[in-house]
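Take a look at the letters that make up each chain.
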Amino acid sequence: MPTLHIVRQNAFTSDDFKQCLQVTRINDIIVFIDDGCYNLSHTLIKTIDSKANISLNIIGKHAQARGIAIDEILYNTINMNDLVQLTLKTSRVITWQ
Amino acid sequence: MPTLHIVRQNAFTSDDFKQCLQVTRINDIIVFIDDGCYNLSHTLIKTIDSKANISLNIIGKHAQARGIAIDEILYNTINMNDLVQLTLKTSRVITWQ
Amino acid sequence: MTQNSKKLTAIVNSKAPYSNTAGKDSLDIALIFGSFEQPISLFFQGDGVWQLLQGQDGSNISVKDYLKTFAAFEFYDIENIYVCQDSLTERNLTHYFHIDDVAVLENKEFAEKLAIHQTILRF
Amino acid sequence: MTQNSKKLTAIVNSKAPYSNTAGKDSLDIALIFGSFEQPISLFFQGDGVWQLLQGQDGSNISVKDYLKTFAAFEFYDIENIYVCQDSLTERNLTHYFHIDDVAVLENKEFAEKLAIHQTILRF
Amino acid sequence: MKKLAVVVTTPPYSNLSVTALDYIETALNAGIELVGVFFYQDGVIHANQQVEIASDEFQCINHWQTLHEKYLLPLHLCITAAEKRGLSDEQSQNIHSIFTVSGLGELVELANKADRVVQF
Amino acid sequence: MKKLAVVVTTPPYSNLSVTALDYIETALNAGIELVGVFFYQDGVIHANQQVEIASDEFQCINHWQTLHEKYLLPLHLCITAAEKRGLSDEQSQNIHSIFTVSGLGELVELANKADRVVQF
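The rules behind these values
- Residues numbered from 1 in each chain as written.
- Chains lettered and ligands numbered in written order.
- Predicted model: local features only at pLDDT ≥ 70, side-chain atom pairs only at ≥ 80, totals over all residues.
- Heavy atoms only, no water.
- Helix = DSSP H or I, 4+ residues; strand = E, 2+ residues; numbered from the N terminus.
- Rg over C-alpha atoms; globule rule 2.2 N^0.38 Å.
- Contact = heavy atoms within 4.5 Å.
- Areas by Shrake-Rupley, 256 points an atom, 1.4 Å probe, with all protein chains shown as cover.
- Lys, Arg positive; Asp, Glu negative; His and termini not counted.
- Charge placed at Lys NZ, Arg CZ, Asp CG, Glu CD.
- Phe/Tyr/Trp six-rings, centres within 6.5 Å; stacked < 30°, edge-to-face > 60°.
- Buried < 20%, exposed > 50% of the residue type's maximum accessible area, 1.4 Å probe, protein only.
- Pairing = 2+ DSSP bridges.
- Axes fitted to C-alpha atoms, helices over the stretch in contact; angles between N-to-C directions.

> I'd like a description of the overall build of chain A, backed by residues and values.
Tallying secondary structure elements over chain A gives 3 helices and 5 strands in all. Reading chain A from its N terminus to its C terminus gives the helix and strand order β-α-β-β-α-β-α-β. For 97 residues, the compact-globule estimate of 2.2 N^0.38 gives 13 Å, and chain A sits close to it at 12 Å. Dimensions of chain A, computed from the C-alpha atoms along their principal axes, are close to 35 × 30 × 25 Å. Contacts spanning at least 24 positions in sequence make up 71% of the contacts within chain A whose residues lie at least 6 apart. In the form shown here, chain A has an accessible surface area of approximately 3,500 Å², with 51% of it arising from carbon and sulfur atoms. Each charge class in chain A was averaged separately, 9 positive and 9 negative side chains, and the resulting centres sit 4 Å apart.

> Give a description of the packing of aromatic side chains that names residues and reports values.
Tallying each qualifying case throughout the model produces 28 aromatic pairs over all chains. Here the aromatic rings of Phe-43 of chain D and Tyr-82 of chain D are separated by 4.9 Å at their centres, their planes lie at 40°, and the arrangement is tilted. Of this pair, Phe-43 of chain D sits in strand β2 (residues 40-44) while Tyr-82 of chain D sits in strand β3 (residues 80-84), placing them 39 residues apart in sequence. A single burial state applies to Phe-43 of chain D and to Tyr-82 of chain D, both of which are buried. An angle of 55° between the planes, with centres 5.0 Å apart, marks the rings of Tyr-23 of chain F and Phe-120 of chain F as tilted. In this pair, Tyr-23 of chain F is assigned in helix α1 (residues 15-29) and Phe-120 of chain F in the segment after β5 (116-119), connecting sequence segments 97 residues apart. You'll find Tyr-23 of chain F and Phe-120 of chain F in the same group, each marked buried. Three or more aromatic residues joined by ring pairs make a cluster, and in this case those are Phe-44, Tyr-66, Phe-70 and Phe-73 of chain C.

> Give me the sheet that holds strand β1 (residues 3-7) of chain B: which residues, what numbers.
All names here are of chain B. Reading across from one edge, β4-β3-β2-β1-β5 is the order of the 5 strands in this open sheet, with parallel pairing throughout. With one partner strand each, in any of the chains shown, β4 (76-78) and β5 (92-96) form the two edges of the open sheet. In this sheet, neighbouring strand axes are inclined to one another by 25° on average, regardless of whether the strands run parallel or antiparallel. Relative to strand β2 (residues 29-32), β1 runs parallel, the two being bridged by 4 bridges. Paired with His-5 across the two strands is Ile-30, which belongs to β2. Across the face of the sheet, helix α3 (residues 80-89) comes into contact with β1, β2, β3 (55-59), β4 and β5 while running at roughly 140° to β1.

Next comes the structure, spelled out in structure tokens:
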């Protein structure tokens, strides 16, 4: 029963992504959208437990608009249709904004 | 030529107070208003160099509204008229919000 | 109401009470769910925990103190109220709240409680 | 204009470019000061430094890219552009900006530059 | 087939609303049923007929109109939030006709009808 | 005697605007000259005649009106920011009469006239 976390704010400016990580559980899915894309540069992202099997995704065009390079080994680049499908496949969604 | 820093946001949620401290100079004056009052509980406030002679002030009723206790040794409790006067006595004012 | 009336809704409160409308907007939703007899749980995390702090008085800043309405939660059968322990600790806050029957939870429990809900809104 | 025409104004840009109007609102003010031949300096600190990053393209998200207008600063005689080194470092950003003649400053210099201005707005 | 509801809290002059529209358009184009959109907080400004966004910028209202007409998408406006921001269905009648004046009770209804509620 | 100008960027339904008014009222009561208030960003919503705040909550508009009448305080509205938020001096004429429709040039003017500009 994974939860979909839509992260729209970045941790340099706001507390939202930190709060997201406080409630993230094993097998949960995180999608960075809008200013959430900036979190790829934040140290907080390195605190995610690699054993927790958290899926990290980012909307490609949101990152491109912001000039953010995506490390394809760490992050899945997805599109808006993927996000819609994730909404339906997971058990609940929470938007961190 | 001190600067008056009006701090309206709290460092638990936002980056503003941290940025304020990046540009604070010797003899500057800080006034905590609105949600800036919550900074009295934040560890960032302890990083202020005690030798820099920074004056720390807080609007009394803004703190009271929020149930925040003021340590009178560390902070001057002021009212709105004091803030107006500080605006005129200092050389410039910047609002961190 | 329509089908699925057992659906569980949670609201996560993440903002301090006065400088913006988030806390009041969240409360309005909670009370509507309560008055429609729909289950609603309230979570307080981050700066949202300031909403529960004892000894606040909005009259000092000409604000209509919506926090007093929290006392009506019982009347509306809003009984699931959870607070993030980490957020309290970070702010050096105690467990003295202006309402009763608030459950203070560690991150893991807080996350588990949140995950029993089908709908989650956050303000 | 009226008296004190030598008054120096600074704008501190503190927000990332797209999700809110702050950057555009700040730019509009800078260009007006420029067109009235009033001195204006621009500071970029915190998330404001993202506004200067090379390689952005707002057309990906249907946004009219106001960042391109930064190229007009020279035309408006807006020459004092300062960036906070600490904010760049924290975000792991280099000194490659989409405009030229940007001065990257350490905190102390950044603070001193800011303190020569009589009026400071922040967005 | 699962059903969606969307809550929009961001104003038309924010790029965050472009994302919300993108999500909704993508879902509808994929054949997913949206039981409705609920406009709350600054989201209610979308319904103000008098809003004027510069012609070279993204016009959210055109997109809402297309979605409303093409998919009969219900657009619910929280009237309490709207009145605080200068919208009124009584005196000035400045609410765009594609929006339905609603209360928070409608949000309860949408949350019950939908399998997922997504907040933007 | 030093002169002040104030920039207001917060809307009437935020307690931050109560603080701005408190500051301005205190300055004027102390005999300090305010060359004007400039409303920008969400601050322009103060000028919308159709805004309705619940009667038991703080009514910013009454305070602006009193200050405008008692001290002849100039209240300048940035029309570009206003149009984005549904205010208009042409079609709907929903701008309260105590506000002067202005552009950003007025902010330059105020900054030059004042010894201090305070942003709220």
